[in-house]
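Summary of the model geometry
Each chain is listed here by its residues.
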2 protein chains.
Amino acid sequence: MRVSLKDVAAHAGVSIKTVSNVVNNFQHVTPAMRERVQRSIDELGYRPNLTARHLRAGRTGIIALALPELGNPYFAELAAAVIDTAAEHDYTVLLDHTGGRREQELLVSQGFRARVIDGLILSPIELETEDLRDRAGEVPLVLLGERDYDLPYDHIAIDNVAAARAAVAHLVALGRREVAFIGARRGRNEPAQLRVRGWREELTAAGLPVDEGLVAATDGWGHADGAEAMTRILDAGRRPDAVFAYNDPMAIGAMRVLHTRGLRVPEDIAVVGFDDVVEGRFGAVTLTSVSPDKGAIGRLAVASVLARLGGAAPEPQRVRAPYRLVERESTLGRRAADRSPKG
Amino acid sequence: MRVSLKDVAAHAGVSIKTVSNVVNNFQHVTPAMRERVQRSIDELGYRPNLTARHLRAGRTGIIALALPELGNPYFAELAAAVIDTAAEHDYTVLLDHTGGRREQELLVSQGFRARVIDGLILSPIELETEDLRDRAGEVPLVLLGERDYDLPYDHIAIDNVAAARAAVAHLVALGRREVAFIGARRGRNEPAQLRVRGWREELTAAGLPVDEGLVAATDGWGHADGAEAMTRILDAGRRPDAVFAYNDPMAIGAMRVLHTRGLRVPEDIAVVGFDDVVEGRFGAVTLTSVSPDKGAIGRLAVASVLARLGGAAPEPQRVRAPYRLVERESTLGRRAADRSPKG
DNA sequence: CAACGGATGTATAACGTTGCAAAACCAGCG
DNA sequence: CGCTGGTTTTGCAACGTTATACATCCGTTG
């Protein structure tokens, strides 16, 4: 059985509270007493019971981070940033994995899965506005990612429309005229459309036709989905001279297909991805990508949760995280301006 | 303030225990009473306080999974398997991130970081045997991965020596004679050497010289480390005809360097990785890799922790998880036998 | 030397839940 | 109508911790 304050107190011949005082480094404990109690603590191997402490104090020191895919290195890198930042504030992160399924996201947002937490950072895919409306009595929530909700929660994301426009503008500046978009979400009324919108807006601004036949919807966001979408476009007889993918894995999947079809990147088709995952820097053709500042997003998310932890309720805000466009071999050619937003 | 059993009891005009009985679906509650209490529960929006429940029950329903790198998709995929299996048993997984640093691993193994857990699954990198010897009063521990300890804990891993031998044997069967090893761990007395040992044993068995100059040590296990190691080998004037890398990211990093140096894979140099991450299937040259059954490992790990949860202490065991060698373009050539172990 | 007051240690009551044992209730039966 | 035996409901204690209020100690001071 585990050692409790009571055991230590009995062993040291003092009251429970005195042991507690030593454990918590309270003032008004004589050095002699402190040492005596500490000796018992060490001897018995006492360790505080967090559950009990939480019951008393009303907090656990755990915040949950719910992500759609751990397999996507973007989320893995983001998670690492969140975990490290939280650790600096003596918080532990409980990572949850929704698979981007609405049911799972719902469970998480309502606290049914991760049940012993002080706050929640959620990156939703499928969740609708009304799903989040009624979470009375729940812990503070911070939202991440492309989905846009009209709800009183902090939301941390880069400006997806602007970032997508920067990517397309870069392709246009290279002289590309037919830019495909890979990775529109299939089967949603209001899918994660900000990047498609950016694509559309920038093409329009450049005076180029917006060809919806060059938008390929997919079910998922992995390599295979990108490959499948690229295959579909090519098999439809289309030969765009550039591809903008929803994320890097999809871009890499698309490049694989282009390679097997004998199309050269960037000579025949330029490719831009999104997220700047490390994998994109080590292919045979390195990948140009929109690079959100994952460290900043992680730090902002943790700060945001912590800010409303003590019952404090600051005004909800949309935070725009920094990003930049990193140019690599997949769009090599005439130099285009690097579009960086203000930090 | 949150609604407690007491509030519901007062509202419904019954005792606290009766409300508890309704909440827990106990028998011996009349339908009328059940409905009346349920009405109060709904009206007040009562939700059980898990912390209190845990304090009472002595368990939290959380198991921790501590991994060295979330950014490596191998671990991400493994984590997904663990999370899903745990969820089936009504357990939540708290993911921890050690970065492969001894200090962090020590904290985790001694329960200082994730302190509200019922059990721990740990994939250690730096931890030594003696570090794990004294964890009296700690929660059940299951070890994963290549490190081998002589300790009374369950250990779940594939047979790393045999798997490495299979990889090297495959290269030898292709007629390769100079097989480099990339990713021996730098700066450790007894590093994760099982794969190096397999490499050594198989070369010896094949009657080939074991050239330690073809073993490249690295600090980490990422793309960049693989690239750096490959560069080092080439810059030393060596021209092996095959490379066996500690894991897939390193193999891919190495292939990038080979590509930039104008060396063709597999014609000039064949490459085999380890872990079979999805990324390896979508490069310009797809990657042959040792493919551990991540789903099985995850399931075995969870089962192992759960088995010793109730205080039960089954005999500690080494569990060999299944794996196979998946051949792809990076070793295309003369066909070699597929070495699969018994499942 | 009695009274005072700051420093130090202690007893008790929570936090919200559930297991246990006992109490209250309700037929049915002699 | 009281007793029996079963069902339903209740009261209390306990899980391990900390906040609060109180008790004790001891050196100073008038």
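Residues numbered from 1 in each chain as written. Chains lettered and ligands numbered in written order. Predicted model: local features only at pLDDT ≥ 70, side-chain atom pairs only at ≥ 80, totals over all residues. Heavy atoms only, no water.

With that settled, the discussion passes to the relation of the copies chain A and chain B. Laying chain A over chain B is done by rotating through 180° and shifting 0.2 Å along the axis; what remains is an RMSD of 0.4 Å. When the rotation and shift are considered jointly, the pair of chain copies conforms to a two-fold rotation axis. No C-alpha of chain A approaches the rotation axis more nearly than that of A:Leu94, which lies at 2.2 Å. With an isologous cut-off of 70% or more, the 100% of interface residues of chain A that recur at the interface of chain B puts this contact in the isologous class. (Least-squares fit on C-alpha atoms with pLDDT ≥ 70 in both. Contact = heavy atoms within 4.5 Å.)

Formed by 152 residues in total, the largest nonpolar core has its most connected members in A:Ile121, A:Ile182, A:Phe244, B:Ile182 and B:Phe244. B:Ile182 has contacts with B:Ala216, B:Gly226, B:Ala229, B:Met230, B:Ile233, B:Val243, B:Phe244, B:Ala245, B:Tyr246, B:Met250 and B:Ala254, leaving out every residue within four places of it along the chain. (Core = buried A, V, L, I, M, F, W, Y, C linked by side-chain atoms within 4.5 Å. Buried < 20%, exposed > 50% of the residue type's maximum accessible area, 1.4 Å probe, protein only.)

It is worth spelling out the protein's contact with DNA strand C at this point. As a structural note, the neighbourhood of DNA strand C is formed by 26 residues, with A:Thr18, B:Leu5, B:Ser20, B:Tyr46 and B:Arg56 the closest of them. Sugar plus phosphate: this is where 69% of the atoms of DNA strand C within 4 Å of the protein reside. Contact distances for DNA strand C include 3.4 Å between a phosphate oxygen and a side-chain N or O atom of A:His28. Between DNA strand C and B:Lys17 there is a distance of 3.2 Å, counted from a base nitrogen to a side-chain nitrogen or oxygen. Of all the elements in the fold, those that place two or more residues in the surface near DNA strand C are helix 2 (16–23) and helix 4 (50–57) of chain A together with helix 1 (5–12), helix 2 (16–23) and helix 4 (50–57) of chain B. Its residues placed into classes, the surface near DNA strand C shows 11 nonpolar, nine polar and six charged. (Near = heavy atom within 4 Å. Polar contact = N/O pair within 3.5 Å; in protein donor to acceptor, adjacent residues only side chain to side chain. Helix = DSSP H or I, 4+ residues; strand = E, 2+ residues; numbered from the N terminus. Nonpolar A, V, L, I, M, F, W, Y, C, P; charged D, E, K, R; others polar.)

Below, the discussion takes up the sheet that holds strand 7 (residues 215–218) of chain B. Residues and elements named next belong to chain B. Strand order in this open sheet of six strands is 7-6-8-9-10-12, and the pairing throughout is mixed. Each edge of the open sheet is held by one strand with a lone partner, namely strand 7 and strand 12 (323–326). In this sheet, adjacent strand axes meet at a mean angle of 15° when their direction is disregarded. As paired strands, strand 8 (residues 242–245) and strand 9 (residues 270–274) are joined by three bridges and run parallel to one another. By the bridge assignment, Ala242 is partnered in strand 9 with Ala270. Relative to the sheet, helix 9 (residues 194–205) contacts strand 6 (179–185), strand 7, strand 8 and strand 9, its axis offset from that of strand 6 by approximately 155°. Across the sheet, helix 10 (residues 223–235) lies against strand 6, strand 7 and strand 8, angled at about 140° from strand 7, the strand it touches most. (Pairing = 2+ DSSP bridges. Axes fitted to C-alpha atoms, helices over the stretch in contact; angles between N-to-C directions.)

Empty space left among the atoms is revealed by rolling a probe the size of a water molecule over them. Residue and element names in this part refer to chain A. Evaluated as defined, the whole model comprises seven cavities of 30 Å³ or more. Around the second largest cavity sit 26 residues that line it, and Tyr74, Phe75, Gly145, Glu146 and Arg195 are the ones nearest its centre. Those elements that place two or more of their residues in the lining of the second largest cavity are helix 5 (73–88) and strand 5 (154–157). For the lining of the second largest cavity, the leading source of residues is helix 5, giving three residues. Considering only residue class, the lining of the second largest cavity consists of 16 nonpolar, five polar and five charged. Composition of the lining of the second largest cavity by domain shows at least three residues from each of domain 2 (60–158 + 294–322) and domain 3 (160–291 + 325–331). (1 Å grid on protein atoms, 1.4 Å probe; cavity = no way out; pocket = protein on both sides within 12 Å on 5 of 7 lines; lining within 4 Å. Points joined across faces, edges and corners; volume = space filled by probe spheres on them. Domains from an automatic or database assignment.)

All names here are of chain B. In space, the six strands of this open sheet follow the order 2-1-3-4-5-11, with parallel pairing throughout. Among the strands making up the open sheet, the edge pair consists of strand 2 (92–97) and strand 11 (318–320). Adjacent strand axes in the sheet meet at a mean angle of 20°, parallel and antiparallel pairs treated alike. Note that strand 1 (residues 62–67) and strand 2 share six bridges and pair parallel. Opposite Ala66, over in strand 2, you have Asp96 as the bridge partner. Along the sheet, helix 5 (residues 73–88) makes contact with strand 1, strand 2, strand 3 (119–122) and strand 4 (141–144), crossing strand 1 at roughly 170°.

Take it as geometry only, folks, not as evidence of what the structure does.
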